[in-house]
Amino acid sequence: EEGAWVESEWRAASPPLASSPFDGDGCEHTIVVTASRRRFKGGSVVRTVRLATEADAAGILAVYAPYIRDTAITFETETPSLDAFRCRMASIIGDYPYLVVEEDGSIVGFAYAHRLGERAAYAWNAELSIYFAPGYTSRGWGSVLFWALIDLLALQGVRNAYSLITVPNEVSLALHEKLGFTLMGVQKEAGYKLGAWHDVAWLRMAIGDFSAAPPPP
């Protein structure tokens, strides 16, 4: 698409993560990551990538709900209430980046990272998820969101980024390969949804150094 990026700075706040994402009651949180907006101007359309807030819950859930209802891309089977979804967002936003894409002010996609593995030694891992509204896939925005997430996670001290993909899904696998993810393996018959068993591919990208003991992320 024709156009130009403006305001393209991302940064991590100081200090880094102050507590485990599993602390508190699931709704208490402290914002520890900030980022300026990234805007793309193409013709009369302005698209913005920015950090999500709890106020975005309804717009994000509107994008996500069809994936729950109609696909096996997510293994969630019932659409959460708006209050439950807002609380879920709150438990993530304080510790990991959560981004939205807006087109002329309307949310058309989102991506976020969250902890992968409950035990303390897993703290340097994060799983990435990304979703777009119908009609907004295959526009190159997946790469934009993934790189923004990866940059922010690296600034926070995360060492491994993972993606779990219900397969077959050649488009998503191709995007991850392009970004530098490597396939670790396939979890066979990992979930049952919409009348069928589904396999899940596990992919990994190393985003940090492993030569010494890491500081807390």
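Note that the structure is a prediction, hence the values are computed from the model and not measured. (Residues numbered from 1 in each chain as written. Predicted model: local features only at pLDDT ≥ 70, side-chain atom pairs only at ≥ 80, totals over all residues. Heavy atoms only, no water.)

A. Quick look at the nonpolar core. Ranked by internal contacts, the top residues of the largest apolar core, which has 48 residues, are Ile-60, Tyr-98, Phe-110 and Leu-128. Those elements that provide at least two residues to this core are helix 1 (57-70), helix 2 (82-93), strand 6 (98-103), strand 7 (106-115), strand 8 (125-132), helix 3 (141-156), strand 9 (160-167) and strand 11 (196-206). For this core, the element with the highest residue contribution is helix 3, accounting for 9 residues. Contact partners of Tyr-98, with chain neighbours within four places excluded, come to Arg-50, Leu-51, Ala-52, Ile-60, Phe-85, Met-89, Ile-92, Ile-93, Phe-110, Ala-111 and Tyr-112. (Core = buried A, V, L, I, M, F, W, Y, C linked by side-chain atoms within 4.5 Å. Buried < 20%, exposed > 50% of the residue type's maximum accessible area, 1.4 Å probe, protein only. Helix = DSSP H or I, 4+ residues; strand = E, 2+ residues; numbered from the N terminus. Contact = heavy atoms within 4.5 Å.)

B. Spotlight on helix 3. Compared with an ideal rise of 1.5 Å per residue, which puts 16 residues at 22 Å, helix 3 spans 23 Å between its outermost C-alpha atoms and is within 8% of the ideal. With 12 of 16 residues buried, helix 3 is to be regarded as a mostly interior element. Where helix 3 ends, the next residue or the one after it, Gly-157, has phi of about 100°, a positive value. (Expected span 1.5 Å × (residues − 1).)

C. Region of the structure containing the pattern of salt bridges. Counting across every chain of the model gives 7 salt bridges. For the salt bridge of Asp-56 with Arg-50, the shortest nitrogen-to-oxygen distance reads 2.8 Å. Comparing Asp-56 with Arg-50, the two get one shared label, buried. Connected through shared salt-bridge partners, Arg-50, Asp-56 and Glu-102 make up one network. (Salt bridge = Lys/Arg side-chain N within 4 Å of Asp/Glu carboxyl O.)

D. Just the side chain of Asn-160, in detail. Take Asn-160: it is sitting in strand 9. With a relative accessible area of 9%, Asn-160 lands in the buried category. At a separation of 3.0 Å, a polar atom in the side chain of Asn-160 contacts the side chain of Asn-125. Among residues more than four places away in sequence, those in contact with Asn-160 are Trp-124, Asn-125, Ala-126, Arg-204, Met-205, Ala-206, Ile-207 and Phe-210. (Polar contact = N/O pair within 3.5 Å; in protein donor to acceptor, adjacent residues only side chain to side chain.)

E. Region of interest: helix 1. Between its terminal C-alpha atoms helix 1 stretches 20 Å, which fits the 20 Å expected from 14 residues at 1.5 Å a residue. A bend of about 35° at Val-63 is the largest found in helix 1, and the proline Pro-66 appears one to four places after it. By the burial criterion, the buried members of helix 1 are Ala-57, Ile-60, Leu-61, Val-63, Tyr-64, Ala-65, Tyr-67 and Ile-68. Considering only its buried residues, helix 1 is in contact with helix 2, strand 6, strand 7, strand 8 and strand 10 (182-193). (Bend = angle between axes of the 7 residues up to and from the residue.)

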